[in-house]
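# Examining the three-dimensional arrangement
Next come the chains, spelled out residue by residue.
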Amino acid sequence: MNKLKILTLSFLIAVFLNSCNSNTSVNNKTSDHLYNGDYSGTNLNKIAFPIGGIGAGMFCLEGTGAISHMSVRNSPEVFNEPCMFAAISLKGVKNGAKVLEGQVPDWKKFGGPSTGNGSNGTSWGLPRFENAKFLARFPFAHIDLEDNELPLKVQIKGWSPFIPNDADNSSLPAGGIEYTFENTGNSDLEAVFSYNSKNFMRQAARPVAGERPAISKATIKPIENGFILSEESSEETPYNKGDFAIFTDQPNTVVDHCWFRGGWFDGVTMVWNTIANGETKSSAPVEAGAPGASLFVPFTLKPSEKKVIRLMMAWYVPNTTLRSGRDPEGTPEVIPGSETNYKPWYTSKFKDIQGVSSFWKTTYNDLQTKSQQFTDAFYASTLPAEVTEAVAANLTIIKSPTVLRQADGRLWSWEGCSDNSGCCAGSCTHVWNYAQAIPHLFPQLERTLRETEFLVSQSPEGHQAFRAALPIRPLTHDFHAAADGQLGGIIKMYRDWRISGDTEWMKNMYPAVVRSMDFCIGIWDPRGVGMLEEPHHNTYDIEFWGPNGMCTSFYLGALQAIQEMGKAAGKDVSKYETLYNKGKAAMESTLWDGEYFIQKIQWEDLSAPNPIEATAGTLRTDYSPEAVELLKKEGPKYQYGTGCLSDGVLGSWLAEVSGLNEVVDNEKLKSHLTSIHKYNLVKDLKNHSNPQRPTYAWGHEGGLLLCSWPKGGALSLPFVYSNEIWTGIEYSVASHLMLQGEVEKGLDIVRACRDRYDGTIRNPFNEYECGHWYARAMSSYAMLQGLTGVHYDAVEQVLYIDSRIGDFTSFLSTESGFGNVGLKAGKPFYNDVVGKLNIKKVIVSGNEVAM
């Protein structure tokens, strides 16, 4: 064989192997990061892994080992990177004093807050380890540090409790960081570990209107083997009160409660002098003015010996100014910081920081063991690595400030997090339609959302405010109901009933569900055609005029759901059955273009006033003279018409992952989904025009467009996000394709998304849209079901398996516990890890089989 043939054969083999590599993206670019594997080099740039409790706040452990995103005051603070750091000092070793972090990413040199002034107030100028490697095993983060200058290997483990069905212990305002040191040299090492922090709980004086600025009352208090960074409250600023404890369980800990007081950089300079000299420093608390504190743990390591130092952190910030939602007329005025504002759940369990810290220290081992049980079960999966990564990465949303949990235990959430506040209030029903993680992992918490929607946020007439008030309470019904959100809530009622097995709960909720359903019919389908004809508000923050596949699929799913619930409640559901049959036939004929479902734009001969009257005076949708001319030519602004919409059968997806049947003909459904993959998945966006919000994906990146018009008919002003790559939509479409057996097409979409979140320019643990840690990304959890067809019906105690990938092992969480489920040699199995799953029947691919 000549040289040319050998080279050609080698090239073809390389191409084949590359195509088989699950780390190959849709645009054929590869990353140094393997899906579900280690991050190193430039892939460490943006890693920030949330550590905290459900609704309790968080801080992030960066890929290098640094702490950032310190958000413990019941609100996100994305750019809050306090000056706090761990350090090691090896006596007698050249360059033996280093911060226990990898190198500071280059992007921090210029591009963050205060970089134009040299980033004063940070620890970035201190020596660090040369190499770092990061591995996520949610809720644990693992970092390896190495430096050729030191005979020392360092491992860091950061974590906070995450135990399915144990919402309270998973809601603790606490986190742990463990440092493991191994002597890799031939001589004994005499070392000092330290943890050092400025008092970042100190609040800058904030003036109250018409009054003098409040004076900060920051102090540093003692706690066994550590210190408490504290800010006291005042009458003017009761919301300032907050404590953050840092302590260890090492009995020989030395604590410096007050750094050197002085100007300029004196405090950190003197701390580093102590560290560089391999010394410790002890000082008692002072009444006021302590700029920071340190704890020191001296120890000795023999060759090959290991030492673990456990650092515990806990916080307590009881008061807030958080209040959302318009109160009905006559409601008393609310005073900032008063009891009528939001208070976090942990204030109902603990009185103060001492209570939290004591509980954290006492239960640390037990909660770590239980959290590790979850991790081991979850990562026992044999599903594709990109799927495991995507699901796990977005579980961090549950620990982020996106999620709040008020004092009575009920869940309330933002859509995502702006840099310094929550973004888009009220557990927004149409956004949380997508989020499939909490209903399976913490079903009791998820049911509180249904109770809020139907029992608190719904008027007697059935109108649901799609943004719940905070604290949760009745509110004024002064805006549109959201069609996809309200109808989706009915589908989710069915889902949560089947997950819980609690038929009495469902029956008690059912009358409110009926009021909601009848309201939806009356306002959006008054003629009873089975489709939504009247203008209806939806997740794109606009109203669709005329029937469309997206919202009609929600309608059909809700009609299915209420039939099933009504039958179980002994009610007559014939009118819903009739409407469903009419709607299914209408959608399959009127809205089917032969390849996918579209919208029939309709704005005349409706019960609603015309678009000009309907939107007069409303924000951003009012009709200017030029918009009126456009209306005459194309119809109302912000529609999609003949477009191929990625959300075009979303209601069917929600119905299927909730345990209902497909709402329309299977062949048409599958055709729509494969059309989305064909037309909307763009491998290289360099020539894509996006005048909207471009940074979710751009340039040579790939992603799934919300909509395309492959057959023409693109509107001049289509719905306002149509040109974007929207967080979470990729996963709902991918999992829906998987349910239809189109696994590789679904994986194409997943890879396109996760390649954008590989750590180089975006945080792998923060998929954002309207804010950081955007709730819709929890649609990724549905891929577990998409690939395996696994779901458990607690009402009938039936385990369903319909694998699209042959034999497998996957994770399954239910109301009664969690474990591993799968097929081995085609035979089903389920292994309990925690709790007991009662299984009366197993259905595999539609057939009952023995376990």
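Structure: see above.
Report on the accompanying structure. If you're wondering where the values come from, they're calculated on a predicted model, not measured in any experiment. (Residues numbered from 1 in each chain as written. Predicted model: local features only at pLDDT ≥ 70, side-chain atom pairs only at ≥ 80, totals over all residues. Heavy atoms only, no water.)

## A closer look at the sheet that holds strand β5 (residues 84-90)
We count it as follows: Only strands that DSSP links by at least two bridges are regarded as paired with each other. A run of DSSP states H or I qualifies as a helix once it reaches four residues; a run of E qualifies as a strand once it reaches two. Both are numbered from the N-terminal end. Between N-to-C directions, angles cover 0 to 180 degrees, with each direction set by a line fitted to C-alpha atoms, over the stretch in contact for helices. Residue contacts are defined here by distance: any two heavy atoms, one from each residue, within 4.5 Å place the two residues in contact.
Spatially, the 5 strands line up as an open sheet ordered β6-β5-β11-β16-β15, and their pairing is antiparallel. Two strands lie at the open edges of the sheet, namely β6 (97-99) and β15 (254-256), each paired on one side alone. Across this sheet, the average inter-strand angle for adjacent strands is 20 degrees, counted without regard to direction. Direction of pairing for strand β11 (residues 189-198) relative to strand β16 (residues 292-301): antiparallel, over a ladder of 10 bridges. What sits directly across from Lys198, in β16, is Gly292. Running over the sheet, helix α2 (residues 266-276) touches β5, β6, β11 and β16 and is turned about 30 degrees from β5.

## Observations concerning helix α4 (residues 385-395)
Selection criterion: Any residue under 20% of the maximum accessible area for its type is buried, any over 50% is exposed, and the rest in between are partly exposed; the area is computed with a 1.4 Å probe on protein chains only.
Among the 11 residues that make up α4, 10 are buried, leaving the element largely enclosed by the rest of the structure. Packing partners of the buried residues in α4 comprise β1 (39-40), α3 (353-378), α6 (438-441), α16 (729-739), α17 (743-756) and α18 (782-788).

## Digging into the packing of helix α8 (residues 483-500) against helix α9 (residues 503-524)
In plain terms, the rule: For classification purposes, an angle smaller than 35 degrees is called roughly parallel, one larger than 145 roughly antiparallel, one from 65 to 115 roughly perpendicular, and anything else oblique. Two helices crossing with the near one rotated counterclockwise from the far one by less than a right angle form a left-handed crossing, whereas a clockwise rotation gives a right-handed crossing. For this classification, the nonpolar set comprises Ala, Val, Leu, Ile, Met, Phe, Trp, Tyr, Cys and Pro, the charged set comprises Asp, Glu, Lys and Arg, and every other residue, Gly included, is treated as polar.
Where α8 meets α9, the closest approach of the two axes is 10 Å, and the angle between their N-to-C directions is 160 degrees. Accordingly, the angle class assigned to the pair α8 and α9 is roughly antiparallel. The interaxial crossing formed by α8 with α9 has left-handed handedness. Contact residues: α8 offers Ala483, Gln486, Leu487, Ile490, Met493, Asp496 and Trp497, while α9 offers Thr503, Trp505, Met506, Met509, Val513, Ser516, Met517, Phe519, Cys520 and Trp524. A breakdown of the residues in the contact of α8 with α9 according to their chemical character gives 13 nonpolar, 3 polar and 1 charged.

## Considerations on unusual backbone geometry
Look at the link from Phe138 to Pro139: it is a cis peptide, with omega at 0 degrees. Looking along the chain, the bond that leaves Leu470 and enters Pro471 is cis, with omega of -10 degrees. With respect to the helices and strands, the residue Pro471 is situated in the loop between α7 (443-456) and α8. Although it is not a glycine, Asn74 sits at a positive phi angle of roughly 60 degrees. With respect to the helices and strands, the residue Asn74 is situated in the loop between β4 (67-71) and β5. According to the relative accessible area criterion, Asn74 is buried, its value standing at 5%.

## As for α7
Condition: Expected helix span is computed as 1.5 Å times (number of residues minus one).
Given a rise of 1.5 Å per residue, 14 residues ought to cover 20 Å, and the 19 Å separating the end C-alpha atoms of α7 matches this to within 8%. In terms of burial, α7 is a largely internal element, 11 of the 14 residues being buried. Residues of α7 that are buried: Pro443, Leu445, Glu446, Arg447, Thr448, Leu449, Arg450, Thr452, Glu453, Phe454 and Val456. Turning to α7, the residues buried within the fold contact β18 (403-405), β19 (411-413), α5 (429-432), α6, α8 and α9.

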